[in-house]
Amino acid sequence: MTKKIIKILSILVIIGIVLLILIQFIPYGKNHTNPPIISSPNWDSPQTQQLAKRACFDCHSNETVWPWYSKIAPVSWLLYHDVAKGRSRLNFSDWSSGWPIESGELAVVINEGEMPPAQYLLMHPSARLNAAEKDQLITGLLNTLNR
Ligand code: HEC
């Protein structure tokens, strides 16, 4: 009986590994060529720019730094989808495409930890902002928007 279970488990593991190898050949999410920078915000200060770069640019700019695991499916699919969606909502490298929310909501999005997303912070601890930095980024972005 145990032998049979071990045999079934081994077959499942092998099928899993084969599938993992096969999905690497699916082209979706493999193109990591960043589009050119079209237009940048008229930053109110270098500090605001630095904070946005640190916490937001990987998904909201054309300067995404793609980590090594972004080449491995199925993680590659999730990251690619996040960046494509992030850029389509807000792109610091294509500023003419506009600002996605009412300025009053920005503080909520940042302070409630909606942005940057929690799963991103897990892999990018340096993007974590403390309370003072969050305040600086919110005020700085609002000043930048109103310039
Ligand atoms: C890991 C990728 C990622 C990072 C990093 C990130 N965002 Fe986003 N952001 C997204 C995605 C994806 C969406 C689209 C969410 C949706 O439509 O469901 C989004 C949407 C938004 C929106 C639109 C409002 C909304 O709720 O739809 C704002 C504003 C925003 N992000 C601001 C920021 C700011 C400011 C930072 C940095 C502090 C940041 N984001 C960091 C991925 C990211």
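The structure contained in this document is the topic of the report that follows. (Residues numbered from 1 in each chain as written. Predicted model: local features only at pLDDT ≥ 70, side-chain atom pairs only at ≥ 80, totals over all residues.)

What about the overall build of the chain?
Broken down by element type, the chain carries 7 helices and 0 strands. Going from the N terminus to the C terminus, the chain shows its helices and strands as α-α-α-α-α-α-α. For 147 residues, the compact-globule estimate of 2.2 N^0.38 gives 15 Å, and the C-alpha radius of gyration of the chain, at 20 Å, exceeds that figure by more than 25%. Seen through its C-alpha atoms, the chain measures out along the principal axes to roughly 70 × 30 × 25 Å. By the burial criterion, 17% of the 147 residues in the chain qualify as buried. Pairs at least 24 apart in sequence give 80% of the contacts found in the chain among residues at least 6 apart. (Helix = DSSP H or I, 4+ residues; strand = E, 2+ residues; numbered from the N terminus. Rg over C-alpha atoms; globule rule 2.2 N^0.38 Å. Buried ≥ 20, exposed ≤ 12 C-beta atoms within 10 Å, placed from the backbone. Contact = placed C-beta atoms within 7 Å.)

Structural notes on the site of the ligand
Around the ligand, a shell composed of 18 residues is seen, among which Cys56, Cys59, Gly86, Met115 and Tyr120 lie nearest. With 4 residues, helix α4 (residues 75-89) is the single largest residue contributor to the shell around the ligand. The residue inventory of the shell around the ligand, partitioned by class, reads 12 nonpolar, 2 polar and 4 charged. (Near = placed C-beta within 6 Å. Nonpolar A, V, L, I, M, F, W, Y, C, P; charged D, E, K, R; others polar.)

Thoughts on the nonpolar core
As a rule of thumb, nonpolar side chains are buried together in soluble globular proteins. In terms of nonpolar packing, the biggest core is built from 12 residues, these being Leu51, Ala55, Cys56, Cys59, Leu79, Val83, Phe92, Ile110, Leu129, Leu137, Ile138 and Leu141. Looking at this core, the elements with two or more residues in it are α2 (46-55), α4 and α7 (131-145). The contact partners of valine 83, leaving out residues within four places of it in the chain, are Cys59 and Thr64. (Core = buried A, V, L, I, M, F, W, Y, C linked by C-beta atoms within 7 Å.)

A look at unusual backbone geometry
With an omega of 5 degrees, the peptide bond between alanine 73 and proline 74 qualifies as cis. Its place among the elements puts proline 74 in the loop between α3 (57-60) and α4. For the bond running from methionine 115 to proline 116, omega is -10 degrees, close enough to zero to count as cis. Looking at the secondary structure, you find proline 116 in the loop between α5 (103-111) and α6 (118-123).

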